[in-house]
Amino acid sequence: MPTPPESSPSSALEPENKTAAEVVYEGALPRIQRSMLVLAFLLPLVASFWLSWRTGLGLALGCAVAYLNFFWLKRGVEGLADRIVNAGQPRSGKGIVARFLLRYVLMGLAAYGILTVSPASLYGLLAGLFLPVAAIACEAAHEAYVALARGL
Amino acid sequence: MRKLSYLFMILSALCLAVPAFAQGGEASTVNWVAITSGFAMAIASAVCGMAQAKATAAAAEGLARNPAARPGIQLALILGLALIESLALYTLVIIFAKVK
C-alpha cells in the first residue's frame, strides 16, 4: 500500500502550482530590499558631490536608519504572522512589541544626535528616512514594466 | 418683502461693523506656526497610529481566516505599514521646513 508523502505544516498551506504573476510578486520584498541597498549607496554619493559632504553624511545615516527600520518592521510582521498561523519558531509577543517600539527609539536617537552634532545635515537625514518609499516606487515601476512587457 | 428687509438690515449692520475691523491692535506675539505645527504632528501621528492599528488588525484577521494567503497578506502589510509611517514623516519634514 503506497504511503502518502510527508508534508510539513507550512508547505501544506502553500499552493504547489504558482502562476508567473505570483512568482513575480513573491520576489517583491527581496527586490525592495536590494533597491534600498543600491539607493542607500548611490544617493549619499550624489548628494555629497552635488550639495555637501555633511548632507551626504546625513543622507547616509538616514538611509541606514530607514533600512534598519524596514528590516525590523519585516521581522516584526513575520513574527506576528508566525504567531497567528502557529508556524515557525514561537517568538514572545513582548519581544515583537519591544522591537516595534525600539524602531522609533532608534529613529529618535539618530535624529537627536545629528541635530545636536550638525544641524546642517538634518535635511539629509530626513530625506534618507524616505528610502523605503523610493524603493517601493522603484518596485512599482518594475512591476508595471513586467506587467506591460510580459502581459502578466 | 420681509426677506428683503432682513437682507438690508444685515447689510446695514455689516456696514456699521466695518469700522470695527479697522481698529488696529497690538502686534500678535504668539508663534502660531509652532503651535499649529505641534497640532499637525499630533494629528498626523494619531491618524497614522490608527491606520497602522487598523491595517494590522485586518491583516491578522485575514491570516487567521485564511493562513494559505500568508505571503500576499504579509507583503501588503509590510508595504502598507512602511507607507503609513512615511506619511507621518512627511508631516515632520514639512514642520522642519516651516519652523526654523
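The model shown is predicted, which means the values in this text are computed figures rather than measured ones.

(A) A look at the interface of chain A and chain B. Contact residues are listed per partner, giving 28 residues for chain A and 25 residues for chain B. Buried surface at the junction of chain A and chain B, both sides included, amounts to about 2300 Å², of which 80% is carbon and sulfur. Two residues, Arg70(B) and Asp82(A), come together in a salt bridge whose shortest N-O distance is 2.7 Å. Where chain A packs against chain B, one counts two residue pairs in polar contact (both at pLDDT 80 or more). The leading source of residues in the side of chain A that touches chain B is helix α4 (residues 53-85) of chain A, at eleven residues. Residues of the side of chain A that touches chain B, tallied by class, amount to 23 nonpolar, one polar and four charged.

(B) Local environment of the pattern of salt bridges. Residues and elements named next belong to chain A. Enumeration according to the criterion identifies four salt bridges over all chains in this entry. The closest approach of N and O atoms between Arg31 and Glu139, which form a salt bridge, is 3.0 Å. Pair noted here: Arg31 is in helix α3 (residues 28-50) and Glu139 is in helix α7 (residues 131-150), with a separation of 108 residues, a long-range link.

(C) Representation of the packing of α3(A) against helix α3 (residues 70-98) of chain B in the model. Following both chains from N to C, one finds α3(A) and α3(B) inclined at 30°, their axes separated by 10 Å at the closest point. On the side of α3(A), the interface is formed by Ala28(A), Leu29(A) and Ile32(A), while α3(B) contributes Leu75(B), Ile78(B) and Leu79(B). Residues belonging to the contact of α3(A) with α3(B) are distributed by class as follows: six nonpolar, no polar and no charged.

(D) A look at helix α2 (residues 32-65) of chain B. For α2(B), with 34 residues, the first-to-last C-alpha span of 49 Å sits near the 50 Å given by 1.5 Å per residue. Among the residues of α2(B), Ser37(B), Ala44(B), Cys48(B), Gln52(B), Ala59(B) and Leu63(B) are the ones counted as buried.

(E) Local environment of the confidence of the model for chain B. Residues and elements named next belong to chain B. Predicted confidence across chain B gives a mean pLDDT of 81, with 77% of residues reaching 70 or more. Of all helices and strands in chain B, the one with the weakest mean pLDDT is helix α1 (residues 2-22) (64), whereas α2 scores best (90). Across the interface, the model reports ipTM at 0.72; the global pTM reads 0.72.

(F) A look at a nonpolar patch on the surface. Judged by side-chain polarity, Val38(A), Phe41(A), Leu42(A), Leu45(A), Val46(A), Phe49(A), Trp50(A) and Leu51(A) come together as a nonpolar surface patch covering roughly 950 Å² of accessible area. Here Val46(A) lies in helix α3.

(G) A look at the nonpolar core. Counting 22 residues, the largest nonpolar core has Ile32(A) and Phe70(A) as its most contacted members. At the level of elements, α3, α4 and α7 of chain A together with α3 of chain B are the ones that each hand at least two residues to this core. Excluding residues within four positions of it along the chain, Ile32(A) makes contact with Phe70(A), Ala135(A), Ile136(A), Glu139(A) and Leu79(B). Counting residues in each nonpolar core, the second largest holds ten residues, with Ala110(A), Leu122(A), Leu126(A) and Leu89(B) among its members.

Parameters at a glance
- Residues numbered from 1 in each chain as written.
- Chains lettered and ligands numbered in written order.
- Predicted model: local features only at pLDDT ≥ 70, side-chain atom pairs only at ≥ 80, totals over all residues.
- Heavy atoms only, no water.
- Contact = heavy atoms within 4.5 Å.
- Buried area = accessible area lost by both parts, 1.4 Å probe.
- Salt bridge = Lys/Arg side-chain N within 4 Å of Asp/Glu carboxyl O.
- Polar contact = N/O pair within 3.5 Å; in protein donor to acceptor, adjacent residues only side chain to side chain.
- Helix = DSSP H or I, 4+ residues; strand = E, 2+ residues; numbered from the N terminus.
- Nonpolar A, V, L, I, M, F, W, Y, C, P; charged D, E, K, R; others polar.
- Axes fitted to C-alpha atoms, helices over the stretch in contact; angles between N-to-C directions.
- Expected span 1.5 Å × (residues − 1).
- Buried < 20%, exposed > 50% of the residue type's maximum accessible area, 1.4 Å probe, protein only.
- pLDDT = per-residue confidence, 0-100.
- Patch = residues over 30% accessible without salt bridge, like charges linked within 9 Å, V, L, I, M, F, W, Y side chains within 5 Å.
- Areas by Shrake-Rupley, 256 points an atom, 1.4 Å probe, with all protein chains shown as cover.
- Core = buried A, V, L, I, M, F, W, Y, C linked by side-chain atoms within 4.5 Å.

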